[in-house]
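# Understanding the architecture of this molecule
Here are the chains, one letter per residue:
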Amino acid sequence: MKSIRHRIYLTIICGVVAINLLTIVFSYLHTQEELEELFDAEQAQLARLLESLITKHFSLDHDTRYTTNVPVLDEIDKQLALGHRYEKKLAFQVWDSEGNLRMMSKNAPLYPLTAKTPGYSVINYQGTRWHIFTLYVARSDIWIHTAQRADVRQELIDYLVLAQVWPVVLISLVIAALVVLLVRSGLKPLQNLSDALSECDVNQLDPLPDTRINELQPIQQSLNLLIRQVRDSILREKSFSADAAHELRTPLAAMRVHAQNLELDSDLSEQNKNSLKKIILSIDRMAHTVEQLLQLNKLENQQAYLLNESVDLQQIAIEVIAGLPPNVISGYQFELKSEPLKIVGNSGLIAVLLRNLVENAYKYSPENSNIDIQVYQHKQEVVLDVSDSGAGLTEQQKQDVTKRFYRVTGSVQFGAGLGLSIVNRIVNLHKAELLFLDNPVHQGLLVRVIFIHTDNLLLA
Amino acid sequence: MRILLVEDDCLLGDGIKTGLKHFSYAVDWVKKGSHALQALSTDVFELVILDLGLPDMDGIELMSQIRKAAISTPVLILTARDQLEDKLSGLNAGADDYMVKPFDLRELEARIRALVRRNHGHSDDLVELGQLSLNLSAHQASYQSRVLKLSRREFQLLRVLVENKNRVLSRAQLEQMAYGWDDEIESNAVEVHIHNLRKKMINTQAIKTIRGVGYMLDTQALL
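Residues numbered from 1 in each chain as written. Chains lettered and ligands numbered in written order. Predicted model: local features only at pLDDT ≥ 70, side-chain atom pairs only at ≥ 80, totals over all residues.

## Topic: the overall build of chain B
Regarding its fold elements, chain B presents eight helices and twelve strands. In chain B, which comprises 223 residues, the share counted as buried stands at 31%. For chain B, long-range pairs separated by at least 24 residues make up 55% of all intrachain contacts whose partners lie at least 6 apart in sequence. (Helix = DSSP H or I, 4+ residues; strand = E, 2+ residues; numbered from the N terminus. Buried ≥ 20, exposed ≤ 12 C-beta atoms within 10 Å, placed from the backbone. Contact = placed C-beta atoms within 7 Å.)

What follows is the structure, encoded as structure tokens:
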């Protein structure tokens, strides 16, 4: 995943570093050149100074040899506060035409700093490189050489150039820090918007807080529009579900009450009583179908289920079995074998799922037969098994049963065939797996739902 | 016994009114929330049956207004709204019971009876279920006109099963409801007491075991 912030950091900081590197290289080259010239000029100046001194004040006899102690000069200069620490790096020799060394500075080498031509030259002598300035004084017939060791000169140059590099490096660091700070504060509104978006959940769709940033307005407006549309459609869906539930349940309730009122009337003939029982049975059947349709409609259209509850499967199994009609409980042999296992999901929906499975199990099983519910852990999964002793299903039927309104051909039990569609939908919402197997113990069907274990979900 | 029915659906309201007449209740029927408030402020009722979807105000709002007006009459909400949030907000607003449509008239009548009895603060001392009868004040039980010699805990257990007839109770629920906080309970106490009850009643069908879940008193087996 690419981050705008990191990209900006990277480009700006790389740019600054590149520019500063170039600056350093250019200033190094340039400074070196300028310093070379400066040193050269200094050598020339020294030579001319020597020339004027020699011609005016000294008559250099053939036997006289002068040595000037530069450090001593340094001392004098220091007293005059005019000296400089680079000064001693310059050396000189004065030769006459006969090849006698007439005058030299103490720091000059003892070998001749000879150069054939006047002017600037570079010589290598015994592994040391010298920059030489040669001045020929025709009047006295002497050669004045002023010299500077190349390595010393280079060291001076390097020292001076490096002194320039440090501020550049320091400034680069300051710029980098500023870039990080400014980019971070500049991207703050974007960060806020993204935080607000991540906090947005289906059950609380509020418009995003205003960032008050021009550039973000179009994004924000589109997002808010989208959020409003989603919220409206969820609300519409909810109110449709509520309206449909009300409009369907109220007439059913009225029909049922009136039918029961008739039943309470003692003047009815046996035949009428029989008809009335069938009316009530039909109403109940329809009410059941309506409930399932409402449930399925809600499951398919409204995604706003909280699926992050911790669901205790054992507890739900106990509640579902205990909530069955008393005549069903006494009419079948229910058995729950379970461990206290938890999954992540919606406990209400899991209860609906199990109730539907149990209802199917007893509806298609002979009276007084065994209906077993098992909850157990298998490796990384939590398994819910509901097995009955009914007729079971053929392979083809096993594939068809989750289709809406599908009913096993020739089944005598009432039901609209919606139960397993609901089960299937809830299984999908929980990313679980639904299997139809043959009951290995008794003849019959075993419906297995496989959930991911909570612990693994937390690890994942 | 006078009951106030608040229901805007004419067909259903009429049906409930007629139905409850069979059980000798006098039903006053109003179709609007405002009329209900007016009736409650002038007359005394034993119970209110309240629909939540009313034309002039929401039933939950009416419920709160009833309680705000310091009217403590028991209220049973009878509605098509089956969502948990609706049930909670209804009960939190002060309702005493909640039923979802469609419903069974006999269940409605039973709940009305229970609410009214609870409101009067007394329950019958003598409970009869088929051939089983319990005298709650004398702590005595008899089956098929034969007095059962029960220990205190066996009687408590039977009483809880009778009070929750045809309902499955888990072992934990039975322990909690039948024995006091101070009682030291053996881990298999419930099983032992149930076994004794069955033996003393000479009826193994009445108390049904649902393995892995709990027990249920089956009234069909007591007839």
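## A word on the confidence of the model for chain A
Residue and element names in this part refer to chain A. Per-residue pLDDT for chain A has a mean of 81; in total, 85% of the residues score no lower than 70. Strand S11 (residues 381–387) holds the highest mean pLDDT among the elements of chain A, 93, whereas helix H2 (residues 70–80) holds the lowest, 46. Across residues 71–83, confidence stays below pLDDT 50; counting only partners more than four residues off in sequence or on other chains, it has eight contacts. (pLDDT = per-residue confidence, 0-100.)

## A word on the interface of chain B and chain A
Each partner contributes residues to the interface: chain B has 30 residues there, and chain A has 28 residues. Per-element accounting of the side of chain B that touches chain A gives the leading share, seven residues, to helix H1 (residues 10–22) of chain B. Residue composition of the side of chain B that touches chain A, by class: twelve nonpolar, ten polar and eight charged. (Nonpolar A, V, L, I, M, F, W, Y, C, P; charged D, E, K, R; others polar.)

## Considerations on the sheet that holds strand S12 (residues 214–217) of chain B
All names here are of chain B. The sheet built from three strands is open, its strands ordered S10-S12-S11 with antiparallel pairing. The open sheet has two edge strands, strand S10 (169–170) and strand S11 (207–210), and neither has a second partner. Note that S11 and S12 share four bridges and pair antiparallel. Opposite Thr-209, over in S12, you have Tyr-215 as the bridge partner. (Pairing = 2+ DSSP bridges.)

## Quick look at the nonpolar core
In this structure, Leu-313, Ala-317, Ile-321, Leu-353, Leu-354, Leu-357 and Val-358 of chain A are the most contacted members of the largest nonpolar core, which totals 64 residues. Of all the elements, helix H9 (residues 347–363) of chain A adds the most residues to this core, at nine residues. (Core = buried A, V, L, I, M, F, W, Y, C linked by C-beta atoms within 7 Å.)

## A short note on helix H4 (residues 188–199) of chain A
The terminal C-alpha atoms of H4 of chain A lie 16 Å apart, and with twelve residues this matches the ideal 16 Å at 1.5 Å per residue to within 8%. In terms of burial, H4 of chain A is a largely surface element, zero of the twelve residues being buried. (Expected span 1.5 Å × (residues − 1).)

## Quick look at the confidence of the model for chain B
For residues with low pLDDT, the predicted coordinates do not support detailed interpretation. With 96% of its residues at a pLDDT of 70 or more, chain B shows a mean pLDDT of 87. Under the prediction, the complex receives an ipTM of 0.70, its pTM being 0.60.

## Some details on unusual backbone geometry
Backbone geometry follows two general trends: most residues other than glycine have a negative phi, and most peptide bonds adopt the trans configuration. Residues and elements named next belong to chain B. Between Lys-101 and the following residue, Pro-102, the backbone shows a cis peptide bond with an omega angle of -10 degrees. Within the element layout of this structure, Pro-102 appears in the loop between strand S5 (97–100) and helix H5 (105–120). Phi at Ser-24 takes a positive value of approximately 55 degrees, unusual for a residue other than glycine. The topology assignment puts Ser-24 in the loop between H1 and strand S2 (26–30). Since 7 C-beta atoms lie within 10 Å of it, Ser-24 is described here as exposed.

## A short note on the sheet that holds S5 of chain B
All names here are of chain B. Ordered in space as S2-S1-S3-S4-S5, the five strands form an open sheet in which the pairing is parallel. Edge positions in the open sheet fall to S2 and S5, since each of these has one partner strand only. Here the average twist between neighbouring strands, direction ignored, is 20 degrees. Pairing geometry for strand S1 (residues 2–6) and strand S3 (residues 47–50), over four bridges, is parallel. Across the sheet, the residue bridging to Leu-4 is Val-48, located in S3. Across the sheet, H1 touches S1, S2 and S3, and the angle it forms with S2 is around 170 degrees. (Axes fitted to C-alpha atoms, helices over the stretch in contact; angles between N-to-C directions.)

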